Number of protein chains: 2
Amino acid sequence: MPGPEALPDEFALIARLFAPLAKDAPGAYGLLDDAATIAVPPGDELVVTKDLIVEGVHFLPNDPPDLVARKLIRVNVSDLAAKGATPLAYLLGVVLPRGVTFDWMKRFANGLAADQARYGMTLIGGDTTASDGPAVFSLTAFGTLPRGSIMRRGGAQAGDLVCLSGTVGDAALGLKVLKGELPWLDEASRAGLIARYQVPEPRPELGVHLRGLAHAVLDVSDGLVADLGHLCEVSKVGAEIEAALLPLSSATQAVLSREPTQIGTVLTGGDDYEILFAVPPSAFPAVQSAAASRRVPVTVIGRVSDGAGVRVIGPGGMPLAVKGGGFRHF
Amino acid sequence: MPGPEALPDEFALIARLFAPLAKDAPGAYGLLDDAATIAVPPGDELVVTKDLIVEGVHFLPNDPPDLVARKLIRVNVSDLAAKGATPLAYLLGVVLPRGVTFDWMKRFANGLAADQARYGMTLIGGDTTASDGPAVFSLTAFGTLPRGSIMRRGGAQAGDLVCLSGTVGDAALGLKVLKGELPWLDEASRAGLIARYQVPEPRPELGVHLRGLAHAVLDVSDGLVADLGHLCEVSKVGAEIEAALLPLSSATQAVLSREPTQIGTVLTGGDDYEILFAVPPSAFPAVQSAAASRRVPVTVIGRVSDGAGVRVIGPGGMPLAVKGGGFRHF
């Protein structure tokens, strides 16, 4: 029986796996040139973001390669979504450990193909190299929006409603399940939480409808309390949220009813990739109607206030002491 | 005595070292947001390229950090230059090994500062993470040019002159010196070759003047013969160059007079980051005059022909057998 196919040289790898992902972008020049061109429609401006993922830090060596690729695309789409941009294209930087097989890369490319189609993006270029260290994938994502309409982290005002898309805490609990914690949880809940960790659900379809309505927006990657803290810091305001208002999946509800202290994980765990935003009450009905039409749940979880910092009101009406601001790399 | 200052957390690192590099770009939002915006002047289009460098592959752990940073910027500027684009901005992805010190990063940031000023670019965003593996720096560079004026690898025609900026082979010989080879070479020549390896000299000031004149352009990174091969392949032509015409530094001339077989290194070694282009003879005077006014040496080294592949004519008029097409990562 033949063994796993070894990687072809970098030019063949690009031609076989990556060039097909670039075929719909004229400015990618078939990935045969030194650079790509991006034509921004008149009246629009380009939004760019860059998130990289490292084996052993953001994903595990045994993670399914297609899911690694999809998470890579999605964490970047999430940044575009939070700014109100429509995804357009991406560049991919790849550092491969020596042992990686062609099959692994093929499945990785399949994941890219699935999600670039989902979000309407095309690959337009990048760089591929080998290394003795862990795999690193660096993605630069491009989106467009009408000039001047980008939503920022700053801009929240006292009295604004604090809103969150989707549910919170699933990804952080999913990571715990992957690490062998919560062994008592039923299979379906375990699988659901893991899926939320491995394949987040960015919300570009909501983001574009928040333009002109929300005062301040970001996506939740470091953790709900930490990211709300970032929003407050840049906006020079404070905020109060209520634990009882948090949108929770049934799996997370099951975890919390048996282990109430996991509320800390829900509040500070990262990787949710939901949209957190501040919106004046007068604009909330328009947000709600846009969200409903896009079938994205949006929940009011608190209020922006004068002052500084984030307060979390616990189930009994008393402030919760939240330890640890959120995930930091070092 | 206090030891070396440890790295602050990622937010402080960004605030102290990277935010100052972004202060002149309004669309960078002080590196405090999820994404950046790029405003492309009307009539222009955006050129994007991404080259990453890995510790142990593209640079050595003991290399001066400011030179690592400058090489990172320059290899990307070189891609923009070869397309005729004027550098504008960049995103920086950083993967840091656990032991890196604040001083190392500060010197790295100083290198970025020096070269972003030199090439008229500003940092507009990025991502920073830690890892147990080698350092990885991933840069996405942005440039602009009038819409439709990008120079491609394809387009060379039989009869075109093959031209090269600067000198060839210095960087590859510099790497050999760093590895302890060529011990007989004088100090000044050794230092000069090493400098060419560590701090390449991209040619954006030449590139913009080749627009409308050159038929096909790329920068020499994999090696002269390999990159001319890429240009020929995409252009569907062949080329013949003469070893006797190659522009050589005095250090490289000294190496070749003692070790004539190093002509192989000169022809196939990478990292030159000079511009290689095909231009019709009728346009060459205009190229020469532009190059002279920018003080960039340009040398005719051969001719484009019908057919395929690259032939190298040796000093005696006989074809040279060139082993190895150029550098490949795997």
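Please read all numbers here as calculations on a predicted model, not as lab measurements. (Residues numbered from 1 in each chain as written. Chains lettered and ligands numbered in written order. Predicted model: local features only at pLDDT ≥ 70, side-chain atom pairs only at ≥ 80, totals over all residues.)

## Focus: the interface of chain B and chain A
Facing the 53 residues of chain B at the interface are 53 residues of chain A. Counting only elements with at least two residues in the side of chain B that touches chain A, the list comes to β1 (36-38), β2 (44-54), α2 (65-83), β3 (86-97), β4 (122-131), β5 (136-146) and β7 (216-219) of chain B. Per-element accounting of the side of chain B that touches chain A gives the leading share, nine residues, to β2(B). For the side of chain B that touches chain A, a count of residues per class yields 25 nonpolar, 13 polar and 15 charged. Relative to β2(B), strand β1 (residues 36-38) of chain A runs antiparallel, the two being bridged by three bridges. Opposite I38(A), over in β2(B), you have L46(B) as the bridge partner. (Contact = placed C-beta atoms within 7 Å. Helix = DSSP H or I, 4+ residues; strand = E, 2+ residues; numbered from the N terminus. Nonpolar A, V, L, I, M, F, W, Y, C, P; charged D, E, K, R; others polar. Pairing = 2+ DSSP bridges.)

## Examining the sheet that holds strand β5 (residues 136-146) of chain A
Two strands in a sheet stick together by hydrogen bonds in their backbones, pointing the same way (parallel) or opposite ways (antiparallel). Overall, mixed pairing links the five strands, which are arranged β4(A)-β3(A)-β5(A)-β2(A)-β1(B) in an open sheet. This sheet does not close on itself; its edge strands, each paired only once, are β4 (122-131) of chain A together with β1 of chain B. Ignoring strand direction, the axes of neighbouring strands in this sheet form an average angle of 20 degrees. Against the sheet, helix α2 (residues 65-83) of chain A contacts β2 (44-54), β3 (86-97) and β5 of chain A, and its axis sits at roughly 145 degrees relative to β2(A). (Axes fitted to C-alpha atoms, helices over the stretch in contact; angles between N-to-C directions.)

## Notes on the domain arrangement of chain A
All names here are of chain A. One can read the domain layout of chain A as domain 1 (10-146) and domain 2 (161-320). Each of domain 1 and domain 2 was reduced to a C-alpha centroid, and the two centroids are 27 Å apart. Taken together, the contact between domain 1 and domain 2 spans 18 residues of the former and 17 residues of the latter. When contributions to the side of domain 1 that touches domain 2 are tallied by element, the ones reaching two or more residues are α2 and β3. Broken down by element, the side of domain 1 that touches domain 2 gets its largest block of residues, twelve residues, from α2. When grouped by side-chain class, the residues that make up the side of domain 1 that touches domain 2 number nine nonpolar, three polar and six charged. (Domains from an automatic or database assignment.)

## Topic: the packing of helix α1 (residues 10-18) of chain B against helix α3 (residues 102-119) of chain B
Residue and element names in this part refer to chain B. Taken N-terminus to C-terminus, the directions of α1 and α3 make an angle of 40 degrees; their axes are 10 Å apart at the nearest point. Between α1 and α3, the angle is such that the two are oblique. Relative to α3, the crossing made by α1 is right-handed. On α3, the residues touching L13, L17 and F18 of α1 are M105, K106 and A109. Counted by class, the contact of α1 with α3 contains five nonpolar, no polar and one charged residues. (Parallel < 35°, antiparallel > 145°, perpendicular 65-115°, else oblique. Left-handed = near helix turned anticlockwise from the far one by under 90°.)

## A short note on the environment of L228(A)
Residues and elements named next belong to chain A. Relative to the helices and strands, L228 resides in helix α7 (residues 224-235). Judged by the 29 C-beta atoms lying within 10 Å of it, L228 falls in the buried class. Residues L228 and A195, spaced 33 residues apart in sequence, show a C-alpha to C-alpha distance of 24 Å. Among all residues touching L228, those that are not within four sequence positions of it are V162, A239, I241, L276 and V310. (Buried ≥ 20, exposed ≤ 12 C-beta atoms within 10 Å, placed from the backbone.)

## As for the pairing of strand β7 (residues 216-219) of chain A
Residues and elements named next belong to chain A. Of the two faces of β7, the one lined by A216 and L218 and the one lined by V217 and D219 are each fully buried. Pairing of β7 with strand β9 (residues 275-279) involves four bridges; the strand directions are antiparallel. Bridging across to β9, D219 finds its partner in I275.

## As for unusual backbone geometry
Residues and elements named next belong to chain A. Phi at Y29 is positive, roughly 50 degrees, even though this residue is not glycine. For Y29, the position within the fold is in the loop between α1 (10-18) and β1. Although it is not a glycine, L182 sits at a positive phi angle of roughly 55 degrees. Locating L182 in the fold gives a position in the loop between α4 (170-178) and α5 (187-198).

## Section: the pairing of strand β6 (residues 161-165) of chain B
Residue and element names in this part refer to chain B. Judged by how many residues are buried, β6 sits mostly within the fold: five of five residues are covered. Two elements, β6 and strand β9 (residues 275-279), share four bridges in a ladder whose sense is antiparallel. The residue of β9 that forms the bridge with C163 is F277. As defined by bridge partners, β6 adjoins strand β10 (residues 298-305) across five bridges and the pair is classed as antiparallel. Within β10, the position partnered with S165 by the bridge is V298.

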